Amino acid sequence: MLSMIGLLGGLILLIILTLRGVNLFIAAPICALLVALSSGMAIFPVSADSNFINAYMDGFAGFLSAWFFMFLLGSLFGKFMEDTGAADSVASYIVGKLGMKHAVLAVVIACAVLTYGGVSVFIVAFSVYPMALSLFKDANLPRRFIPATLAFGSVTFTMTSAGSPEIQNWIPVKHLGTSPYAAWEVSLVVAIFMAIAGYFWLNKMIKKAVANGETFEARDDDPVIIERRRPHPITGVIPLIVVLLLSFTLHDVLQQTALIVALLGGVLSIVIINFKHFHDMGNAINVGTTGALVAIGNTAAVVGFGAVAKVSPAFTAAVDVMTHMPGNELVGAAVAVSVIAGLTGSASGGQAIALPLVAPGYLDMGVNPEQLHRVVAISSGALDTLPHNGYVVTTIRAICKETHQRAYWSMAALTAVIPLIGVALALGLFILF
């Protein structure tokens with residue numbers, strides 16, 4: 001009981017501190033320490049195999065080791081697009097051709113294409129943000145909605161849909177023996193619903209803010225637009241296509257490493273094509289590198305909290321309850337994955353923990369593996385985006401330089417509420433048909 005109080009208390013405290021803008025390098029370890037103390041876990045690695053410091057740093061360092069090069073190259077890619085003026089050029093072209101009212105749609109489509117092309121959702125945010133900033137500036141839209149727009153195009157109707165190369169759609173393949181296209185008919189219906197409903201809601205929120213007098217707010221640290229000849233818009237699109245093609249082509253062979261090659265190709269293509277358009281390449285490298293370290297550090301700090309939470313007795317008990325719920329098996333799987341993803345702040349974490357426990361029993365009971373695959377995938381992308389989620393923290397704070405108080409609630413509407421309705425829709429279709 002004490003461990004459960006500590007786990008829930010630590011999670012709630014982390015969410016509150018995150019919403020209030022407390023530095024995550026301080027907030028996450030403190031909340032993780034609360035979980036450890038309430039669970040009777042040793043603090044120092046003296047004699048006990050399971051201890052707070054090792055558990056936290058294993059999670060922290062593991063994420064850093066797995067994602068450092070992707071964050072670094074992704075950040076450089078975004079800064080190079082910004083410094084050469086390529087992002088501004090593409091944004092101006094889109095606004096000129098489609099009109100300012102379609103600025104939001106352009107950002108959503110760009111994120112969706114990259115995500116469905118296999119680019120990590122973290123890197124999509126780095127890559128598209130410079131263009132999004134320019135589009136919102138040209139259209140004079142409140143910049144606090146940029147994180148929600150980036151997230152909507154990345155982690156909703158694309159990330160967990162049939163055929164998506166994102167890991168959230170591939171983890172079930174290993175445990176269920178299905179294909180990435182499992183239950184594609186229902187997946188297509190749910191994806192279309194989430195895309196239309198989410199886009200309508202996003203536009204409604206932005207229009208309401210504009211009607212209340214909100215406009216784009218320039219900041220001192222925004223990229224300075226120098227009066228100079230901009231590169232042709234196609235030179236800003238080609239690097240994105242290079243990233244997309246390399247990631248899609250090499251994904252099956254190199255797995256996650258393919259993204260390093262793809263991003264390196266994108267960075268090099270910007271340098272080669274737009275070298276003469278760089279305003280200050282040295283500064284772009286310095287700012288991009290620093291930004292990558294801040295982004296991955298913030299995310300790793302939260303991952304460390306999840307690593308401590310996962311070894312607590314309360315977490316084990318919670319997982320046991322969630323994975324043995326009575327009633328319809330598909331509903332039980334959806335609830336289990338959603339709750340565990342919320343506790344860990346990770347969609348892939350929710351799947352990786354829940355599937356080994358529920359899959360064998362459900363398959364033995366005759367549950368359709370393709371239906372289970374799709375329910376698990378979609379449900380993993382809902383409650384995972386609580387305020388302490390690594391992607392949420394990185395996108396809001398490190399990339400968009402916003403605060404949770406300003407930017408999180410619109411993001412939550414699109415990345416938590418809409419996917420939850422999508423899960424309910426998928427369950428209804430499977431149960432009825």
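Residues numbered from 1 in each chain as written. Predicted model: local features only at pLDDT ≥ 70, side-chain atom pairs only at ≥ 80, totals over all residues. Heavy atoms only, no water.

A.B. asks: Which residues make up helix α7 (residues 146-155), and what are the values?
C.D. replies: A large share of α7 lies buried, amounting to 10 of its 10 residues. Inspection of α7 places Ile146, Pro147, Ala148, Thr149, Leu150, Ala151, Phe152, Gly153, Ser154 and Val155 among the buried residues, and these make up the whole buried set. On its buried face, α7 is in contact with α5 (103-116), α6 (121-139), α9 (184-211), α17 (390-399) and α18 (404-432). (Buried < 20%, exposed > 50% of the residue type's maximum accessible area, 1.4 Å probe, protein only. Helix = DSSP H or I, 4+ residues; strand = E, 2+ residues; numbered from the N terminus. Contact = heavy atoms within 4.5 Å.)

A.B. asks: How would you sum up the pattern of salt bridges? Please name residues and give values.
C.D. replies: Applying the stated rule across the entire model yields 5 salt bridges. Across the pair Glu217 and Arg406 runs a salt bridge, and its minimum N-O distance is 3.9 Å. Residue Glu217 is located in the loop between α9 and α10 (234-254), and its partner Arg406 is located in helix α18; the two are separated by 189 residues in the primary sequence. Residue Arg406 is classed as partly exposed on the basis of its relative accessible area, which comes to 29%. Salt bridges here are not isolated pairs; linked through shared partners, they connect Glu217, Arg219, Glu402 and Arg406. (Salt bridge = Lys/Arg side-chain N within 4 Å of Asp/Glu carboxyl O.)

A.B. asks: Describe the environment of Ile167, with residues and values.
C.D. replies: Relative to the helices and strands, Ile167 resides in helix α8 (residues 167-176). Among the residues examined, Ile167 registers a relative accessible area of 47% and is labelled partly exposed. Considering only alpha carbons, one finds Ile167 and Thr415, 248 residues apart in sequence, at a separation of 17 Å.

A.B. asks: Account for a nonpolar patch on the surface, naming residues and giving values.
C.D. replies: Among the surface-exposed residues, Ile234, Ile238, Leu264, Leu268, Ile272 and Ile273 lie close enough to one another that they form a single nonpolar patch of about 510 Å² accessible area. Contributions of two or more residues to the nonpolar patch are made by α10 and α11 (257-274). With 4 residues, the top contributor of residues to the nonpolar patch is α11. Note on placement: Ile273 falls in helix α11. (Patch = residues over 30% accessible without salt bridge, like charges linked within 9 Å, V, L, I, M, F, W, Y side chains within 5 Å. Areas by Shrake-Rupley, 256 points an atom, 1.4 Å probe, with all protein chains shown as cover.)

A.B. asks: Break down unusual backbone geometry for me, with residues and values.
C.D. replies: At Asn140, a position not held by glycine, the phi torsion is positive, near 55 degrees. Inspection of the secondary structure puts Asn140 in the loop between α6 and α7. Exposure remark for Asn140: the relative accessible area of 38% places this residue in the partly exposed category. A positive phi angle, close to 55 degrees, is found at Lys401, a residue other than glycine. Counting through the fold element by element, Lys401 comes out in the loop between α17 and α18. A relative accessible area of 47% means that Lys401 is categorised as partly exposed.

A.B. asks: For the packing of α5 against α6, give the residues involved together with the corresponding values.
C.D. replies: Running from N to C, α5 and α6 cross one another at 165 degrees; their axes reach a closest spacing of 9 Å. In terms of orientation, α5 and α6 fall into the roughly antiparallel class. The handedness of the crossing between α5 and α6 is right-handed. Here α5 contributes Ala103, Val104, Ala106, Val107, Ala110, Cys111, Leu114 and Thr115 to the contact with α6, which in turn contributes Val121, Val124, Ser127, Val128, Met131, Ala132, Leu135, Phe136 and Ala139. Broken down by class, the residue content of the contact of α5 with α6 amounts to 15 nonpolar, 2 polar and no charged. (Axes fitted to C-alpha atoms, helices over the stretch in contact; angles between N-to-C directions. Parallel < 35°, antiparallel > 145°, perpendicular 65-115°, else oblique. Left-handed = near helix turned anticlockwise from the far one by under 90°. Nonpolar A, V, L, I, M, F, W, Y, C, P; charged D, E, K, R; others polar.)

A.B. asks: How would you explain the state of the cysteines if you had to name every residue and give the values?
C.D. replies: Applying the stated criterion to the full structure yields 0 disulfides. A disulfide-free cysteine, Cys111 has its sulfur positioned 9.7 Å from the sulfur of Cys400, the nearest such atom. Residue Cys111 is classed as buried on the basis of its relative accessible area, which comes to 0%. (Disulfide = S-S within 2.5 Å.)

A.B. asks: Explain the nonpolar core to me, and be specific about the residues and the numbers.
C.D. replies: If you look at the biggest cluster of nonpolar residues, it comprises 139 residues, and the most contacted ones within it are Val128, Leu150, Leu202 and Val308. Sequence-distant contacts of Val128, that is, excluding residues within four places in its chain, are made with Val107, Ala110, Cys111, Leu114 and Leu150. (Core = buried A, V, L, I, M, F, W, Y, C linked by side-chain atoms within 4.5 Å.)

A.B. asks: Which residues make up the side chain of Thr385, and what values go with them?
C.D. replies: With respect to the element layout, Thr385 can be found in the loop between α16 (369-380) and α17. When its relative accessible area of 2% is taken as the criterion, Thr385 is described as buried. Side-chain polar atoms of Thr385 contact the backbone oxygen of Ala382, separated by 2.9 Å. Side chain to side chain, Thr385 and Thr415 meet in a polar contact 3.1 Å long. (Polar contact = N/O pair within 3.5 Å; in protein donor to acceptor, adjacent residues only side chain to side chain.)

A.B. asks: How would you sum up the packing of aromatic side chains? Please name residues and give values.
C.D. replies: In the structure shown here, the tally under the stated rule is 15 aromatic pairs. Aromatic pair Phe52 and Tyr56: ring centres 6.0 Å apart, planes at 35 degrees, arrangement tilted. With Phe52 and Tyr56 both in helix α3 (residues 52-83) and 4 residues apart, the pair spans about one turn of that helix. Judged by its relative accessible area of 10%, Phe52 falls in the buried class. Relative accessible area serves as the criterion here: at 6%, Tyr56 is assigned to the buried category. Between Phe63 and Phe71, the aromatic rings sit 6.0 Å apart at their centres with planes inclined by 75 degrees, giving edge-to-face as the arrangement. Counting every residue linked through ring pairs, the aromatic cluster contains Phe63, Trp67, Phe71, Phe122, Phe126 and Tyr391. (Phe/Tyr/Trp six-rings, centres within 6.5 Å; stacked < 30°, edge-to-face > 60°.)

A.B. asks: Describe α17, with residues and values.
C.D. replies: Within α17, 10 of the 10 residues are buried, leaving the element largely enclosed by the surrounding structure. Listed in full, the buried residues belonging to α17 are Gly390, Tyr391, Val392, Val393, Thr394, Thr395, Ile396, Arg397, Ala398 and Ile399. Sitting at the amino-terminal end of α17 is Asn389, which places a side-chain oxygen 2.8 Å from the backbone nitrogen of Tyr391. A positive backbone phi angle near 55 degrees is found at Lys401, which sits one or two residues after α17.

A.B. asks: So what about the side chain of Ser75? Which residues, and what values?
C.D. replies: Mapped onto the elements of the fold, Ser75 is located in helix α3. Taking relative accessible area as the criterion, Ser75 reaches 6% and is therefore assigned buried. Ignoring anything within four residues of it in the chain, the contact list for Ser75 reads Phe126, Gly288, Gly291 and Ala292.

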